[in-house]
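Spelled out, the chains give:
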Amino acid sequence: MRKKDFEEFWVINENAPLGANAIALYFFLLHRWEKNKHQEFSISEYEISKKLKISRPTISMARKILIGVNLISCTAIKGHPTLFSIKNSIDLLKQNNVGFSKIEMSEPKRSYPTFEEFMEYAKTLVGYSDSHVDVIRKQYEKYGNNNWKGKLGEDIDWRRNFKMQFPFLLYQKK
């Protein structure tokens, strides 16, 4: 990173703060990018977490912030190291006028099932019968009341969660 880019980065950050974790991740990735002669490189979030002493969920959120402001691009495949690339960041930030407006990270739009879709899925599970509709409706309402989030506030994979809970829900009904 040229000295001029470095200075401009901090001016931009003053106007639209990225947060300490995103900045730490960015400079870590930038260092790797320089070591790899400005070529894509792969590294796991686990390894980054270990080196920066930041939790993996925090690394993941920081990665999303950096992607959102066009500082990096990456390809993540579950179970494999993530492939990172540094974009011509300062020029992109200037073009996108990021320095003059607050960075807003929007949550990805999640689509949650209607009750009918939820029921269709329930019908595919082992042990389903029409007598279970009330139990299924209660679970659907419970997920909705919790905004489709788990106990720690994370988005849930409702199909996976429901499939695991279904046998226990049936047992409670009896």
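Residues numbered from 1 in each chain as written. Predicted model: local features only at pLDDT ≥ 70, side-chain atom pairs only at ≥ 80, totals over all residues. Heavy atoms only, no water.

Asks: So what exactly am I meant to see when it comes to the nonpolar core here?
Replies: As a rule of thumb, nonpolar side chains are buried together in soluble globular proteins. Ranked by internal contacts, the top residues of the largest apolar core, which has 23 residues, are Leu 18, Tyr 26, Leu 29, Ile 48, Leu 66, Leu 71 and Ile 72. Residue assignment for this core shows that the elements contributing at least two residues are helix H2 (20-35), strand E1 (41-43), helix H4 (56-68) and strand E3 (82-86). For this core, the leading source of residues is H2, giving 8 residues. Formed by 18 residues, the second largest nonpolar core is a distinct cluster that contains Val 135, Trp 158, Phe 166 and Leu 170. (Core = buried A, V, L, I, M, F, W, Y, C linked by side-chain atoms within 4.5 Å. Buried < 20%, exposed > 50% of the residue type's maximum accessible area, 1.4 Å probe, protein only. Helix = DSSP H or I, 4+ residues; strand = E, 2+ residues; numbered from the N terminus.)

Asks: So what exactly am I meant to see when it comes to the pairing of E3 here?
Replies: Across a regular strand the side chains alternate sides, sitting on one face of the sheet and then on the other. Burial within E3 is extensive, with 4 of its 5 residues counted as buried. As paired elements, E1 and E3 share 3 bridges and run antiparallel to each other. Note that in E3 the partner of Ile 43 across the bridge is Thr 82. Inspection of the sheet shows strand E2 (residues 72-75) paired to E3 by 4 bridges, in the antiparallel sense. Its bridge partner lying in E3, Cys 74 is registered against Phe 84. (Pairing = 2+ DSSP bridges.)

Asks: Just checking my understanding: could you explain the sheet that holds E1 for this structure?
Replies: Strands pair in a sheet through their backbones, by hydrogen bonds, and they do so in one of two ways: parallel or antiparallel. Taking strand neighbours across the sheet as the criterion, the 3 strands line up as E1-E3-E2 in an open arrangement whose pairing is antiparallel. Two strands bound the open sheet, and with one partner strand each, they are E1 and E2. Adjacent strand axes in the sheet meet at a mean angle of 35° when their direction is disregarded. Along the sheet face, H2 touches E1, E2 and E3 and points at about 85° away from the line of E3. Against the sheet, H4 touches E2 and E3, its axis set at about 125° to E2. (Axes fitted to C-alpha atoms, helices over the stretch in contact; angles between N-to-C directions. Contact = heavy atoms within 4.5 Å.)

Asks: For this particular structure, what's the right way to read the environment of Leu 125?
Replies: Here Leu 125 shows up in the loop between helix H6 (115-122) and helix H7 (133-145). Each C-alpha atom, one on Leu 125 and one on Phe 166, is 8.1 Å from the other, the two residues being 41 residues apart in sequence. Every residue in contact with Leu 125, bar those within four places of it in the chain, is listed here: Phe 162, Lys 163 and Phe 166.

Asks: In this structure, what is going on with unusual backbone geometry? I would like to understand it.
Replies: The phi torsion of most residues other than glycine is negative, and most of the peptide bonds are trans. In this structure, Lys 37 is a non-glycine residue whose phi angle is positive, near 55°. Its place among the elements puts Lys 37 in the loop between H2 and E1. Owing to a relative accessible area of 66%, Lys 37 belongs among the exposed residues under this scheme. Of note, the phi angle at Trp 148 is positive, near 60°, even though the residue is not glycine. Looking at the secondary structure, you find Trp 148 in the loop between H7 and helix H8 (158-173).

Asks: Before we go on, may I ask you to explain the pattern of salt bridges in this structure?
Replies: Note that side chains of opposite charge can pair when their charged atoms are close. Tallying each qualifying case throughout the model produces 4 salt bridges. Residues Glu 45 and Arg 63 are paired through a salt bridge, measuring 2.7 Å at the closest nitrogen-oxygen approach. In this pair, Glu 45 is assigned in helix H3 (residues 45-52) and Arg 63 in helix H4, connecting sequence segments 18 residues apart. Taken as a pair, Glu 45 and Arg 63 share a single burial class, namely buried. The partner of Glu 120 in a salt bridge is Lys 123, and the shortest N-O contact between them spans 3.6 Å. For Lys 123, a relative accessible area of 43% translates into the label partly exposed. (Salt bridge = Lys/Arg side-chain N within 4 Å of Asp/Glu carboxyl O.)

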